[in-house]
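Examining the three-dimensional arrangement
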Amino acid sequence: MRVLLSPSPAAAPHVLMSADAVGGVWQYSLDLAAGLVRRGLAVTVAVLGPAPSEARIAAAEAATGARIRATGLPLDWTAATPDAVLGAARALAGLARTLRADLVHLHSPAMALADFPVPVAAVCHSCVATWWDAVETGPLPADLAWRHDLTARGCRAADALLAPTRAHALATARVCGLPQPPVVVRNGRAPSGAQPRAAAPFVFTAGRLWDRAKNAAALDRLAARLPVPLRAAGSVDGPNGARVETRHLQRLGRLDDAGIAAELAGRPVFVSLARYEPFGLAVLEAAASGCALVLSDMPGFRELWDGVAAFVGADDDGAAAQAVRDLLDDPARRAAAGAAAADRAARYGVEAMTEGVLGVLRGLLDGAPARLGGAAA
């Protein structure tokens, strides 16, 4: 049983956040850490999984005001055994004690399965069971079943759960058998600050191309149908050994924030044909840059972008090609779609995300139950 602690009046509350540097969780964590620091909290970010370079850590600390620590601990979705995940959770609990943290904010509910000395909020960014439902068929294989079991148990162990969309909150509650869905606090992203250029004559996508949920095969087929290049940022090799081959995409490799911003500054048509996307920070970044959007028709994308994006079936590369060509052939329509996307993206800023998370953390810090079932956008 956790003791709900309150910081002394003279001390800023100290939040220990876990993160990874593999995908969108990294940027989410940095943006949130910066937002919390601006509101007077002290933040330490414990990085699990592959460690960022020293230069990347130094840049993140300078940008956020948070302390960044590479732990060498395994991620729940790449760990070889349940004991490795539970060991990582215990190590995070030990770090919380060492740092005398007042709150813990975890990037994975499975990491809540330890004796933390302070209240724990966990974010349901994604999970293997909801991923499997969207990408595969049949029962979970044994290697994913134990990971799902840890996630479901962690959801019950955490003092508060958050999810980035209502669609993903409901999916998580369903697969984990939760009595109520996580609190919805939509992700946010700070503007890149890049100066917009004339509309670029190409199409753009970004994400972990090696992840089957990103549907690189459909993107590759789409690229073969287009009269302009489909430029794709992201790695084709995953930390779990997954790899994807493509023939028609113009692959850019993994780009840093400046590289992504440079691509988006030309306001290319942005495409995502993902089969599974609990939120989609790459879509938000593109929308905020004024890109017209062509997206797969999923509940989460509909929740966020209905009325401003063109929606197609995830595997209907023919319909996607037609939607892209319609935008490329009509500059006024493309500009209007990009402006509408930018207006919608303004709803999903870092400040709104920070306030939503802070509301949950304040409830935990005060020893009160977090608000459940609502939405902060």
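Shown above is the structure to which this text applies.
This report concerns the structure included in the present document. (Residues numbered from 1 in each chain as written. Predicted model: local features only at pLDDT ≥ 70, side-chain atom pairs only at ≥ 80, totals over all residues. Heavy atoms only, no water.)

**Focus on unusual backbone geometry**
Phi at Asn215 takes a positive value of approximately 60°, unusual for a residue other than glycine. Take Asn215: it is sitting in the loop between β8 (203-206) and α7 (216-225). The class of Asn215 is buried, set by a relative accessible area of 2%. In this structure, Arg267 is a non-glycine residue whose phi angle is positive, near 45°. By secondary structure assignment, the location of Arg267 is in the loop between α8 (257-264) and β11 (269-272). (Helix = DSSP H or I, 4+ residues; strand = E, 2+ residues; numbered from the N terminus. Buried < 20%, exposed > 50% of the residue type's maximum accessible area, 1.4 Å probe, protein only.)

**A closer look at the packing of helix α1 (residues 24-38) against helix α13 (residues 350-365)**
Relative orientation of the contacting elements α1 and α13 amounts to 70°, with a least axis distance of 9 Å. In terms of axis orientation, α1 runs roughly perpendicular to α13. Every residue of α13 that contacts α1 at Tyr28, Asp31, Leu32, Gly35, Leu36 and Arg38 is listed here: Val350, Glu351, Met353, Thr354, Val357, Leu358 and Leu361. Taken together, the residues of the contact of α1 with α13 sort by class into eight nonpolar, two polar and three charged. (Axes fitted to C-alpha atoms, helices over the stretch in contact; angles between N-to-C directions. Parallel < 35°, antiparallel > 145°, perpendicular 65-115°, else oblique. Contact = heavy atoms within 4.5 Å. Nonpolar A, V, L, I, M, F, W, Y, C, P; charged D, E, K, R; others polar.)

**Comments concerning helix α5 (residues 142-157)**
Here α5 is 16 residues long and its end C-alpha atoms lie 23 Å apart, about the 22 Å a rise of 1.5 Å per residue gives. Those residues of α5 that fall on the buried side of the exposure criterion are Leu144, Trp146, Arg147, His148, Leu150, Thr151, Ala152, Gly154 and Cys155. Tucked into the core, α5 has its buried residues touching α3 (82-99), α4 (128-135), β6 (160-163) and α6 (166-176). (Expected span 1.5 Å × (residues − 1).)

**Focus on the sheet that holds β11**
Within the open sheet, the six strands sit side by side as β10-β9-β8-β11-β12-β13. Their pairing is parallel. Where the open sheet ends on each side, the last strands, each with one partner, are β10 (250-253) and β13 (310-312). The average undirected angle you get between the axes of adjacent strands in this sheet is 25°. In terms of strand pairing, β8 meets strand β9 (residues 230-233) through four bridges, oriented parallel. Looking at β9, one finds that Phe204 is bridged to Arg231. (Pairing = 2+ DSSP bridges.)

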